[in-house]
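Geometric and topological summary
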Amino acid sequence: MPSSRTHSSRSPLSRLFTALLAGVLVGLVVAAVALPGNLVFGFAARSALGAYQDLPDVLATPATPQRSYLYASDGTTLITTFYDVNRTDVPLTEIAPVMRQAIVAAEDRRFYDHGGVDLRGMARALVSNVTDGTTQGGSTLTMQYVRNVLKNDPNLTAEERRAATEQTVGRKIQEIRYATSLERELGKDEILNRYLNIAYFGSGAYGVAAASERYFGKPPADLTLAEAALLAGLVQSPEAYSPIDGDPEAALARRAYVLDSMAATGVITAEEAAQATAEELKLDPTGQPNGCTAAPDGDDTGWGFFCDYLRQWWLTQPAFGDTAEERDQALRRGGYTVVTTLDPDVQATAQQQATSVYDYDNERALPIAAVEPGTGKVLAMAVNRHYSVDANPNGQANHPNTVNQLVAGGGGVEGYQAGSTFKLFTMLAALENGRTLSTGFDAPTRLPTRYPADSGDATCDGRWCPANANPAWMDGYRMMWDGFGRSVNTYFVWLAEQVGQDKVVEMAQRLGITFRSGADADFAENNAADWGSFTLGVAATTPLDLANAYATVAAEGVHCAPTPVESVTTPDGTRLPVGDPSCERVLDADVARAATDAARCPVGQQSAFGQCNGGTATAVNSLLDGRPTAGKTGSSERAATESFVGFTPQVAVAGIAANPDDPTDSVGAAVQARVISGVARVIATAVDGEEVAQFTAPSRDLVGIPTRPSPRPAPRPGPESTDESPTQRADIMRWLQGRRG
């Protein structure tokens, strides 16, 4: 191939050896071309020009490693890429014509004239090597393509790949056989396209698409003449000529050579070559993100934890390999285009709310998750942490940097107590087992139960005796509506006893609550019937599990496994059958509608039967302009965590304020109002511009006959959340005006 000459001080003996080796090589080439039977050597019959069908699979059907792209739900917002090798294949039509012309001029001027082997070029290289003491190759583009494919073949061992580039007669003969076979089967443009997509251009960029992005920040279709000539010049010595990692002056000299060569072949004029040569070197170095830690991280992004969730999902999918290792390799080498379910707007609001409650440096956290009912699509995953492997100051375990999955759980993260949000599962179990929304009970301040207890504030006479947090507001005759709205502990503990705690635990599991704590899992499996405190939310859970459980109710009893994927397509555009919603009915629709009717009470709205008389999160109704909404607050013992889950027919959002590293650190009841407000604002963003969707009222069969033996007490807010203060209301109104504007 034509190249700039690099003089050496090789000895006459070395030159003689080169001449002898090259002479043998040329002789073999002539024999291979002129005598297909090749009787010159004993092995020659196998060295003769082979058939296309006899080629290694990697040459006949190339499977070069390519990076995979991860996009948000709009299909255009890039989250990150995954790769072992920074490469993306593009068709020849998406490569600027000057780039195609430049690579031919630089590497193989007679490309369109030979049949894969250029004897004239090899002879010229031989003469130059022997007489001038230079190092000059004679490989055609097709032969170079063969070499590149073989040395990158994932099916070969490292030793076999090294052998593919050794300077031996046997290796050269193999290249010739393969090249001539390819030329007889493939068109020149196909070979040129394959070459441009596999050649190494330095600075970690394989293929012209990656190189164009790496050096100039643009797709290869937009390359100028000067840019194309510079890239074409790199392939001879990528590291030495790289203007980023190597010698910029050498890169410019090599660019000038390529431009002169293009002029010599007539694809450009001498004047065009001179103008391009005179251009200053203008680079726009662009680093390609690789992996979840490279995903954008900030108050309006924070995509790393969602990316991590998707990667964990990917590693469980058999479509990408038999083992987790094979699936991970597929993600990094398969060239997939993955459109995720991440909604950039919803994610931005969730991240802003999480970081407004606690900043990145705060040891406490507010993980938030948003899920679409009826599909399980995960719209957002946010938390006030940087998804990063950077060290934390002062020995802080998980802040401000962590790659632990604080939103979805797993990998050692068990989750957080979600308090009274678990009362939903008791209500559902009761409705499913013959109770109605009108089921009444005169809830006392403290309720002795049958469950033994040895110590603690909730113990009386050796039994567990839970109490209401605000007796003046909670005690008295309650039905499911106001029992749920006011979050009356003794009502729901009583109700769970009537139904059976095992049915309540099973209901939670049916709706997708996963027990990641060993102790919780053991209790659920072996002692669920005696898990008296389960209805008060003592089991650890995550915002994603909680949001998805409530999304099941919003979808009128249809549970969908959470999914982070809209679509996955292969490099050739084939859509794979993965990531589609996986849904099943787990509740009777009427049961789900009845629970939703009661869940209107906590958020300051009214049930279809007028039975709400107070709630713990009434600010939600104002924040969402009265849009039909339901939800539930939760406070664990001593306000160690504060939670809120809200949902409409279109979205379910959950947030849990906690200290991931220290369960004994109480976040305090005061933060609950901010958690409620933050979750509600995420809901507002998710439904913004959407048609107002109504909840369907339950049938009379599940309503029963609401009766109260005494007049209702005047509604007074409970301790889990109060009616918003004047300051909070003003803040809400300002935010609403900004959103509408």
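Conventions used here
Residues numbered from 1 in each chain as written. Predicted model: local features only at pLDDT ≥ 70, side-chain atom pairs only at ≥ 80, totals over all residues. Heavy atoms only, no water. Salt bridge = Lys/Arg side-chain N within 4 Å of Asp/Glu carboxyl O. Helix = DSSP H or I, 4+ residues; strand = E, 2+ residues; numbered from the N terminus. Buried < 20%, exposed > 50% of the residue type's maximum accessible area, 1.4 Å probe, protein only. Arc of directions from axis to C-beta. Contact = heavy atoms within 4.5 Å. Pairing = 2+ DSSP bridges. Axes fitted to C-alpha atoms, helices over the stretch in contact; angles between N-to-C directions. Phe/Tyr/Trp six-rings, centres within 6.5 Å; stacked < 30°, edge-to-face > 60°. pLDDT = per-residue confidence, 0-100.

1. As for the pattern of salt bridges
Inspection of every chain in the model, using the stated rule, returns 18 salt bridges. Across the pair E213 and R67 runs a salt bridge, and its minimum N-O distance is 2.3 Å. Remark: R67 occurs in the loop between α3 (57-60) and β1 (68-71) and E213 occurs in helix α10 (residues 207-216); sequence separation between them is 146 residues. Overall, the relative accessible area of 1% leaves R67 in the buried class.

2. Re helix α22 (residues 501-510)
When we look at burial in α22, the residues that qualify are Q501, V504, V505, M507 and A508. Within α22, the buried residues cover an arc of 155 degrees as seen down the axis, which keeps them to one side. At its buried positions, α22 is contacted by α18 (423-432), α21 (489-499) and α23 (518-526). At the exit of α22 stands G512, carrying a positive phi of roughly 105 degrees.

3. Things to note about the sheet that holds strand β17 (residues 630-635)
Strand order in the open sheet made by the five strands is β5-β4-β19-β18-β17, with antiparallel pairing throughout. Of all strands in the sheet, those bounded by a partner on one side alone are β5 (378-382) and β17. Adjacent strand axes in the sheet meet at a mean angle of 5 degrees when their direction is disregarded. With respect to the sheet, helix α17 (residues 344-357) is in contact with β4 (368-371) and β5, its orientation differing from that of β5 by roughly 25 degrees. Its contacts with the sheet put helix α27 (residues 672-687) on β4, β17, β18 (642-647) and β19 (652-657), and the angle it makes with β18 is roughly 25 degrees.

4. What to know about the packing of aromatic side chains
Applying the stated criterion across every chain yields a total of 21 aromatic pairs. Considering the side-chain rings of F111 and Y112, the 4.9 Å spacing of their centres and the 75 degrees angle between planes classify their relative orientation as edge-to-face. Note on F111: relative accessible area 0%, which makes it buried. You can call Y112 partly exposed: its relative accessible area is 47%.

5. What about the pairing of strand β15 (residues 565-569)?
β15 sits mainly inside the fold: four of its five residues count as buried. As judged from the four bridges shared by strand β3 (residues 337-340) and β15, these two strands associate in the antiparallel manner. Across the sheet, V338 pairs through a bridge with V568, a residue of β15.

6. Describing the confidence of the model for the protein chain
On average, the protein chain scores 87 in pLDDT, and the residues at 70 or more come to 85%. Here residues 29-49 is modelled with pLDDT under 50, and outside its nearest four sequence neighbours on either side it reaches 21 contacts, counting other chains as well. In this model, residues 718-741 is a region of pLDDT below 50 whose contacts with residues beyond four sequence positions or in other chains number 45 contacts.

7. Overview of the pairing of β3
Bridge analysis of β1 against β3 gives three bridges, and the strand direction is parallel. What sits directly across from Y71, in β3, is V339.

8. Here's the deal with the environment of F523
Considering the arrangement of structural elements, one finds F523 in helix α23. Since its relative accessible area comes to 31%, F523 is described here as partly exposed. Those residues within four positions of F523 in sequence are excluded, and the remaining contacts are A528, D530 and W531.

9. Digging into the environment of V146
Relative to the helices and strands, V146 resides in helix α6 (residues 141-151). Taking the C-alpha atoms as reference points, V146 and Y178, separated by 32 residues in sequence, lie 7.0 Å from one another. The residues contacting V146, other than those within four sequence positions of it, are L59, E175, Y178, A179 and L182.

10. Here's the deal with helix α15 (residues 304-314)
Within α15, nine of the 11 residues are buried, which leaves the element mostly enclosed by the surrounding structure. Taken together, the buried positions of α15 are G304, F305, F306, C307, D308, Y309, L310, W313 and W314.

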